[in-house]
Amino acid sequence: MSRNTHNYEPVAGEEEWKQDDSSLEKSHIHTTKSRWLSWPALACLLIVSNTLTLAGGYYCWNLPRTPRSSDNAPPNAPSFEPLQDTWETFWWNTPYNSMENTTETDMLWDSILPSHGIIALDREQAGKQNLPDSMYLPSDHTKGVYLLESYHYLHCLKILRTTLTEAVEGKPFTHHPGAHSNHCFGALLQYITCNADTTPLYTFGKFTAGDGQVHQCRSWSQLRDYATENTACFRDTVEGIPLGEHFGYCDDGDDGVMDFMDYV
């Protein structure tokens, strides 16, 4: 299994707005000296990690469920085309949590691009869909920038996994434990309780549950294609750079997330 590589291509003719970043915030990635998390904090991270593994398929809704109704939706509820349903098999052990080749596992996680889910939508159309106003796309002020929620959770998962791994290995933190990590705990909790998955997972008490069970999901490939079609050409960087300099670089249309069929 080889690591996915992503080549960013700069968007031609956008040097002018990239140089003028006075109206945009600056983003920074913080690092700190090597230190160990306290055991209670580390235990919490391990519990969350195991919980997420048990939940599996963070981007799916599982059976049983009934079609969502918009009859009681509030007036400001956003409207959008639903994704197609797919049937996928969940596995207790996947390439993303393999302990046999941690180097390969790290490479798979590193290949995931949450930034693929940062999109640009026409402001007028976004308003018709009841979407809140958002920051403008630096290269086109008729478009607003949005982050697709599922990619937001990929972003959080990567932060929590990186922090946990660095804590266990005694390495300097890429993302210093604090407000950002705590936000991710809250965001994932809201997502889980919002979707209220009631799937009964079989178990024989051997520290596994639901291994090999089929679940009803929503098409990730369809979501990926939608993000590609509406890309904001945003790239993530480890080093701190002005926010405007993140824009103007398009990925190759691959977000690095493996399809379920490739798990086995």
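Sequence order sets the numbering: in each chain, residues are counted from 1 along the sequence as written. Local features in this predicted model are restricted to residues whose pLDDT is 70 or higher, and side-chain atom pairs enter the listing and the counts only when it is 80 or higher, whereas totals over whole chains, interfaces and linings include all residues. Derived side-chain values reflect all non-hydrogen atoms in the structure, with water molecules and hydrogen atoms excluded from consideration.

UniProt positions are given in the numbering used here, feature names are shortened, and annotations may be inferred rather than shown by experiment. On record in UniProt, under Sequence similarities (unreviewed entry), the comment for the protein is "Belongs to the ustYa family."

### Quick notes on the packing of helix α3 (residues 102-111) against helix α5 (residues 149-169)
Only the stretch in contact is used when fitting a helix axis, every axis being a line fitted to C-alpha atoms; angles between N-to-C directions are given from 0 to 180 degrees. Helix numbers and strand numbers start at the N terminus; a helix is a DSSP run of H or I with at least 4 residues, a strand a run of E with at least 2. Running from N to C, α3 and α5 point in directions that differ by 145°, and their axes come no closer than 10 Å. The chirality of how α3 crosses α5 is left-handed. Counting all contacts with α3, which are made through T105, D106, W109 and D110, the residues of α5 involved are L157, K158 and R161. Looking at the contact of α3 with α5, its residues break down into two nonpolar, one polar and four charged. The hand of a helix crossing depends on one turn: near helix anticlockwise from the far one by less than a right angle means left-handed, and clockwise means right-handed. For this analysis, residues touch if any pair of their heavy atoms sits within 4.5 Å. Classes in brief: Ala, Val, Leu, Ile, Met, Phe, Trp, Tyr, Cys and Pro nonpolar; Asp, Glu, Lys and Arg charged; the others, Gly included, polar.

### With respect to the confidence of the model for the protein
Predictor confidence is given residue by residue as pLDDT, running from a minimum of 0 to a maximum of 100. Mean pLDDT over the protein stands at 79; residues scoring 70 or higher make up 73%. Scored below 50 in pLDDT, residues 11-37 makes 64 contacts in the model with residues more than four places away or belonging to other chains.

### Examining the state of the cysteines
We call a pair of cysteine sulfur atoms a disulfide when they lie within 2.5 Å. Using the criterion set out here, one finds two disulfides in the structure. Each disulfide pairs two cysteine sulfurs, and for C156 the partner residue is C184, the sulfurs being separated by 2.3 Å. The sign of the -80° torsion about the S-S bond sets the C156-C184 disulfide as left-handed. With C156 in helix α5 and C184 in helix α6 (residues 179-195), this pair connects stretches of sequence that are 28 residues apart. One disulfide in the model links C233 with C250; its S-S distance is 1.8 Å. Across the S-S bond of C233 and C250 the torsion is about 65°, and the bridge reads as right-handed. With C233 in the loop between α7 (220-229) and β7 (249-250) and C250 in strand β7, this residue pair connects regions lying 17 residues apart in the sequence. Here's how the labels work: a residue is buried when its accessible area is under 20% of the maximum for its type, exposed when over 50%, partly exposed in between, all with a 1.4 Å probe on protein chains only. Take C233: its relative accessible area is 11%, and that puts it in the buried class. Sequence-ordered numbering of the bonded cysteines in the protein gives a disulfide pattern of 1-2, 3-4.

### Concerning the nonpolar core
Joining through side-chain atoms within 4.5 Å is the link that ties buried Ala, Val, Leu, Ile, Met, Phe, Trp, Tyr and Cys residues into a set, and such a set is a nonpolar core. Within the largest apolar cluster, 29 residues are counted, with the highest numbers of intra-cluster contacts made by Y96, I112, I119, L148, Y151, L154 and W220. Counting only elements with at least two residues in this core, the list comes to α3, β3 (118-122), α5, α6 and α7. No other element matches the seven residues that α5 contributes to this core. If sequence neighbours within four positions are ignored, L148 has contacts with G117, I119, L223, Y226 and A227. Membership of the second largest hydrophobic core comes to eight residues, among which are A120, F234, L243 and F247.

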